[in-house]
Structures are given as C-alpha cells and as structure tokens.
Amino acid sequence: MRLVELKESIEHHIKQISEYTATPGKGTTRLTYSQEDLKTRNYIKGKMREYGLEVREDGFGNIFGKLEGTLKDAPSVMVGSHFDSVPHGGSYDGPAGVVAALEVAALFVKNNLTPKYPLEVVALVEEEGARFGGGLMGSRGMVGLLGEEEFQNLRDTNGISTVEAMVEIGLDPSLPKKRDMKTIKAFLELHIEQGPILEEKEIPIGVVEAIVGLTQLEVTIKGQAGHAGTTPMDRRADALVAAANIIGRLPELAEEEGEGTVITTGRLNVYPNGANVIPDHVVFSVDIRSGKEENVLNVIEKTKNLVHSVSKSGIQTSVEQLLYIQPKELNRGIRSLLKEKSEALEIPYCSINSGAGHDAMVLSDYTDAGMLFIPSKNGLSHCPEEWSDSEDIARAVGIFYETAKILTEAE
Ligand SMILES: [Zn+2]
C-alpha cells in the first residue's frame, strides 16, 4: 500500500463530497433525501461500481457495496459510516468513515484478495437526525429498531414525510428495510473524534473502547421567597444560593471519579427570577457521562448525596433521573485486533471513549462492532471549520484493511 497514493485518493473523495452542500461557502448542509444526498449517493455508488462492488440500496436508502466471498451465504464484514450532515456542518463527520470504507474495498480488489466472507461497504442515511429528528435512523432502521409505520410517520419541519422525500429523489421505499442480522459478521466504523484528546496527545488513532453512557438528572431546590431588602441574612432560605453551592462542587465529583468521567450543568431555571426577590425555587440539569457504568453509578450516588447535604430548615431538595443510557463497550476481540494491527503497521494509537452516539453503538447490540477515531483539528466538529488530516484517514484505512483481511479470512 502506498500511503501517498491512498492519501490523494481520500482527499479527492472528501473534496468532491464536500461540494454536495446546500450552503456553498457556509459549510456542509446535506439533509437526508435532499438533492445533495442524491449527488453524494450517486458519487458513492459510482465509486463502489468502479471498485468492483455490487451495489444495492435498502428501503431507507442506505447504500451497500458488496465484494462477494467464496463461502456460500456467509455473513458480511461491514465497514462504513453515515453520509448526511447537520446544517452548516463540516466535510468529515460521516464521510471520513464512508471514504475509508471505500478505500479498504479498493485495496482488497487492487491486491486481488479472495475473501471467504464478503466485505461490504455501507453508507448510512440520517445519522444526525437533522431532517427527521431522533438520529441514527439508517442504522436503527437496518437492525429493526425503527418499524415501517414509525418510519412512514416521520416528517420534516415542512411536513414532508420520509416516503415522499425518498420518492422525490428516485428512491424506492418499498425495498426491504430490516436486515437479517445473521447476514452481518462484524461492523467497523471510522469517525472523527469531534473532541480535543487525540490532537493534544499527538496520537493519530484512537481505538474506541466504549461509547459513553448518559445520565440526565433534574435537581429541584425549594426555599422561601422574600424581599431582597427587608429579609435579614439569617432568616433566608435562598434556593439559588443552595443550588450554586451544589453546582460549584459537581466538577470535583467527576474529577475524583476519573477515567474520563464528565459532569455538566447546562440548564438552570430560577423562580421567580426577579432581581429584588430571594429565589424560592431553582431547577437545574446534571448531565453525567462515562465509558464505565460503575463510574456513572458512583457519580449519580455522590450527586444525590451532595444535593441532599444542603437540605436544612427552609430548604428542600429532590433529584429526579430523567434519562439513563448504559455505556456500551465495543467488541473486545475486535478492539484487540485493531490494536494488534496498529502495532504491526507502527501506527501510534491509544484507547479512547466516545462521548457521542454513533451508528456503531446501534450495531454493537447485534454484531461484533469496532471503531477508530482520528484527531479533529482544534477538537471542532459540526461547523465549517471541522478538519481532519487525510493522512490519518489513510492510517485508519491501513488498520481496517489488515483487520478486515483477518475477519473475512482473505487470502
Ligand atoms: Zn457522525
């Protein structure tokens, strides 16, 4: 494999796909089933055919390019990511993974490999949820988590349904939707990190250990309203002072826990919210994330204890858990294979957790899934400044190529 050639090819794909935007000069805006989707789709399908893959779409418009294996009816080793974007996003979130997958397949063909298990490149729709909401639509649909009726009922902000939008760009919503997951042997996804860790460490590859769990708590503090001028300090039950005390100490809880645990208060509502009234009621959010469930549970417990510790006469506290999503560990075997191949190729790597959800997270419940991250310049994503080095994408292609050779039992 010649790195320079591979890098050029990757740059060409990224540049070409980035031109399919509804907001030229103002970042990538590629909503699902839009004209920009169609142009990108045609580009991806064209490259799949050029690289010798058999092209197919499903009833969601997910694109598959298959390189047959010699074993009859054997499950595929799938590589890919999504190709939609947020409004005014960047050129790498999603396409980096699709482009890497295309180049892995190209290497199989160029090197005349004969896999026993098929290799399949996948380009998924509507991961961001920017048009129909919710997100992860292509992968959730593929595994059967999004039923026919639910899919048909989804509408964009203009009232256009998924089916109408598909037909508009010539897609066929009556094609099979749910995939028999027995037909997938493994799933590999490359994604940009969308954070600052790899860049700061100057490491080109992150092997994703887990997709972090997410907990949202809602904390309510009740005190006693009063006149800001006439209520003496020792007679006050100020709900905001109590809340501020708690919020100021939350970061310590995550720092003590370590292992990448993070905690955030992003929303705070103060009642009655008047400059001359002592606040009697405060509600705020606490968002807790970590790659290990144990860490998440510990921090939830410590947060509850901290909140209740400010209860005293006149101050009442309560904590409600609004959301709990378990952290998802990616497949152990694939993780070690990715590390082994990075070492063999002398590519520096480190373990990392993903702070955001990805298609691999959905697929990891149904098949052996593995993920690689590459650095994001200045940690930026979902903005026109989003940038990653195509040399890092090329490195990931090398690791996936070697890993896919093992998984497909190619010779
Ligand atoms: Zn993405």
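The structure we're discussing is the one just above.
First, a word on scope: everything that follows refers to the structure included in this document. Remember, predicted model here, so these are calculated numbers, not experimental data. (Residues numbered from 1 in each chain as written. Predicted model: local features only at pLDDT ≥ 70, side-chain atom pairs only at ≥ 80, totals over all residues. Heavy atoms only, no water.)

Looking at the nonpolar core
Defined as follows: Buried Ala, Val, Leu, Ile, Met, Phe, Trp, Tyr and Cys residues that are joined via side-chain atoms within 4.5 Å together make up what is termed a nonpolar core. Partly exposed residues are those whose accessible area sits between 20% and 50% of the maximum for their type, while under 20% is buried and over 50% is exposed, using a 1.4 Å probe and protein chains only. Going along the chain from the N terminus, every DSSP run of H or I of four or more residues is numbered as a helix, and every run of E of two or more is numbered as a strand. The contact criterion used is simple: two residues touch if any of their non-hydrogen atoms lie within 4.5 Å.
One finds Tyr33, Phe108, Leu119, Leu372 and Ile393 to be the most contacted residues of the largest nonpolar core, which totals 64 residues. At eleven residues, the largest contribution of residues to this core is made by helix 3 (residues 95-110). Those residues in contact with isoleucine 393, other than ones at most four positions away along the chain, are Ile10, Ile14, Tyr92, Ala96, Ala100, Leu190 and Ile374.

Describing the environment of glutamine 194
For clarity, the threshold we go by: Here a polar contact is recorded for every N or O atom pair within 3.5 Å, except that within protein the pair must consist of a potential hydrogen donor and a potential acceptor, and residues adjacent in sequence are included only if both atoms are side-chain atoms.
Mapped onto the secondary structure, glutamine 194 falls in the loop between strand 5 (184-192) and helix 7 (197-201). For glutamine 194, a relative accessible area of 21% translates into the label partly exposed. When the C-alpha positions of glutamine 194 and isoleucine 374 are compared, they lie 8.9 Å apart, and in sequence the two are 180 residues distant. In contact with glutamine 194, not counting residues within four places along its chain, are Asp93, Ala356, His358, Ser376, Gly379, Ser381 and His382. Within the structure, glutamine 194 has its side chain in polar contact with the side chain of aspartate 93 (distance 3.1 Å).

Details of the pairing of strand 12 (residues 281-290)
So the rule is basically this: Being paired, for any two strands, means DSSP has found at least two bridges between them.
Counting buried positions over the ten residues of strand 12 gives eight, a clear majority of the element. Here three bridges tie strand 9 (residues 262-264) to strand 12, and the two strands are oriented antiparallel to one another. Bridging across to strand 12, threonine 264 finds its partner in aspartate 287. Looking at chain direction, strand 10 (residues 268-271) and strand 12 are connected through four bridges and run antiparallel.

Comments concerning the packing of helix 1 (residues 3-18) against helix 12 (residues 390-407)
Operational definition: Lines fitted to C-alpha atoms define the axes, with helix axes restricted to the stretch in contact, and inter-axis angles between N-to-C directions lie between 0 and 180 degrees. Any angle from 65 to 115 degrees is called roughly perpendicular, while one under 35 is roughly parallel, one over 145 is roughly antiparallel, and all others are oblique. Whether a crossing is left-handed or right-handed is set by the direction in which the near helix is turned from the far one by less than a right angle, anticlockwise for left-handed and clockwise for right-handed. All amino acids are sorted into three groups, where Ala, Val, Leu, Ile, Met, Phe, Trp, Tyr, Cys and Pro are nonpolar, Asp, Glu, Lys and Arg are charged, and the leftover types, Gly among them, are polar.
Contact pair helix 1 / helix 12: the axes reach a minimum separation of 9 Å and the direction vectors enclose 115 degrees. Considering their axes alone, helix 1 and helix 12 lie roughly perpendicular with respect to each other. The element helix 1 and its partner helix 12 pack so that their crossing is right-handed. From helix 1, Leu3, Leu6, Lys7, Ile10, Glu11 and Ile14 reach across to helix 12, where they touch Ser390, Glu391, Ile393, Ala394 and Val397. For the contact of helix 1 with helix 12, the residue count by class is seven nonpolar, one polar and three charged.

Considerations on the pattern of salt bridges
Cut-off, in case you're wondering: Basic side-chain nitrogens of Lys or Arg form a salt bridge, by our definition, when they fall within 4 Å of a carboxyl oxygen of Asp or Glu.
According to the stated counting rule, one finds 27 salt bridges in the structure shown. Among the ionic pairs, lysine 116 bridges to glutamate 411, the shortest N-O distance being 3.8 Å. Separated by 295 residues along the polypeptide, lysine 116 in the loop between helix 3 and strand 4 (119-124) and glutamate 411 in the segment after helix 12 bring together distant segments of the chain. According to the relative accessible area criterion, lysine 116 is partly exposed, its value standing at 30%. Of the charged contacts in the structure, one is a salt bridge between glutamate 120 and arginine 179, with a shortest N-O distance of 2.8 Å.

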